[in-house]
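Coordinates in review
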Amino acid sequence: MTPHDLELGMERLHPSSNALPFAHRTNWPHDRLLDDVPVPLCRIGAQGQILQANQPAAHLLGMSPSALLGLPLHEFGADDTVRQQLEHMIVMASMGQGQQEARRQCLRTANRILHVDLRYSEIHGSLGLDKQWLVALIDQTHLQQEHEALRHTMKALRQAHDTNQELALVADRSPNLIMICDADRRIRWVNPSFTRITGITGFSLAEIIGQRPARLFQGPDLDQSLLAQINSRLTRGEAIERLTIQPQRKTGGLYWAELSIQPVKDEDGRVVRYIAIGQEITAQLEAQAEREALVRAEASHAIKSEFLSRMSHNMRTPLNAVLGFSQLLGLSNDPGLNDGHKQKLDIIHKAGKQLLSLVDQALQLARSEEHTSELQS
């Protein structure tokens, strides 16, 4: 109901050539004329009780006109506060404020909650009766609902804007590279870490937008079959988890990166964008390679030490036999041993002692290296 409709309704109640409000007209029209007005109207008494209600008002309040008779209008208030406000408006009118400005109130009927603009106009007559007022009930429920929906929408937009700003701040400060691509897998946005890791810091975001990521992740060892497999999975809307690649920086030099790509789908299941998050793992892989090399070196050293130790122990027994028997033969008085034989036995004995000394040195070296490894670990 618009103010224009209200004015037309008032004019139909009391036709006049001037535009004065109904409250200032001199005579109260016949009761039946109230029903001819399309505006929801109620005539109320000094205590706020309904003396008459036309059909539009009855339809709005969800009761028949006869059922409304005698009911206080303020009892339709949605809560105690509204009911007190409605009573206060009657009190203010009885104190001489005959014309009240329209004021929106929340009314409760049997079936729904209404948001209604109420306009009070005192009825002036010459019959000497108690004061009466004509109340126009202008339904603004739909307008109020639209206003509330708009308010909630604006609040949600503000919250989404604040959230987007926070996410953008996190993405800008993240040490990981972040890239957003459209449904055609063309770059729409990258964060500063992306340009730093890939070595394209000399390029602006405008130069990067629209390019395909494969052009920025090229490398001499890039497996084309793997690239085709990745494109096939992304086309099917599947995610790529922890993909390790070795591309070449724009400034030169290879680096290792680990990427995860997640498709973002709409309500119909169609992919609308892709979000790629990755990190450079060159330092981690180099450190891992160093650890593996160290483990292999330690294993090789342990094998060598074990071999020397076993060899030394195993060689001492036959060497001791050679030394012992050569010495016994050299001291023997057997007439079959001449001086030439004894010289040869002496040579054998000396060579055995030299070999035993080398074995002892090897054993000592193995023990010292083992002791050094224990100290280092």
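Just above, that's the structure.
A short tour of the structure in this document, coming up. Quantities reported herein were computed from a predicted structural model and do not represent experimental measurements.

This part is about the overall build of the chain. Counting its secondary structure elements, the chain contains 11 helices and 10 strands. Relative to its 377 residues, the chain shows a buried fraction of 31%. Residue pairs in contact within the chain that sit at least 24 positions apart in sequence constitute 47% of those at least 6 positions apart. Surface exposure of the chain reaches about 23600 Å², of which carbon and sulfur atoms provide 54%.

With respect to the helices and strands, Cys 106 occurs in strand S3 (residues 103-108). A C-alpha to C-alpha distance of 8.9 Å links Cys 106 and Asp 117, two positions 11 residues apart in sequence. Not counting residues up to four positions away in its chain, the partners in contact with Cys 106 are Phe 76, Gly 77, Ala 78, Val 82, Ile 113, Leu 114 and His 115.

Before going further, it helps to spend a moment on the pattern of salt bridges. In this structure the tally under the stated criterion is nine salt bridges. In this structure, Glu 238 engages Arg 233 in a salt bridge whose closest nitrogen and oxygen atoms are separated by 3.3 Å. Residue Glu 238 is classed as partly exposed on the basis of its relative accessible area, which comes to 31%. On the accessibility criterion, Arg 233 (29% relative accessible area) is partly exposed.

The biggest cluster of nonpolar side chains holds 23 residues, and the ones touching the most others in it are Ile 44, Leu 107, Tyr 120 and Leu 137. Among the secondary structure elements, those contributing two or more residues to this core are strand S1 (41-44), strand S2 (50-53), helix H2 (55-61), helix H4 (80-94), strand S4 (113-123) and strand S5 (132-139).

With that settled, consider the pairing of S1. Side chains Leu 41 and Arg 43 of S1 all project onto a buried face; the interleaved residues Cys 42 and Ile 44 project onto the opposite face, where all are buried too. The pairing of S1 with S5 spans four bridges and is antiparallel. Across the sheet, residue Ile 44 finds its bridge partner in S5, namely Trp 133. Alignment of S1 against S2, held across three bridges, turns out to be antiparallel. Bridge pairing links Ile 44 to Ile 50 in S2. The loop that links S1 with its antiparallel partner S2 comprises five residues; one of these, Gly 48, has a positive phi angle of about 90 degrees.

Analysis parameters
Residues numbered from 1 in each chain as written. Predicted model: local features only at pLDDT ≥ 70, side-chain atom pairs only at ≥ 80, totals over all residues. Heavy atoms only, no water. Helix = DSSP H or I, 4+ residues; strand = E, 2+ residues; numbered from the N terminus. Buried < 20%, exposed > 50% of the residue type's maximum accessible area, 1.4 Å probe, protein only. Contact = heavy atoms within 4.5 Å. Areas by Shrake-Rupley, 256 points an atom, 1.4 Å probe, with all protein chains shown as cover. Salt bridge = Lys/Arg side-chain N within 4 Å of Asp/Glu carboxyl O. Core = buried A, V, L, I, M, F, W, Y, C linked by side-chain atoms within 4.5 Å. Pairing = 2+ DSSP bridges.

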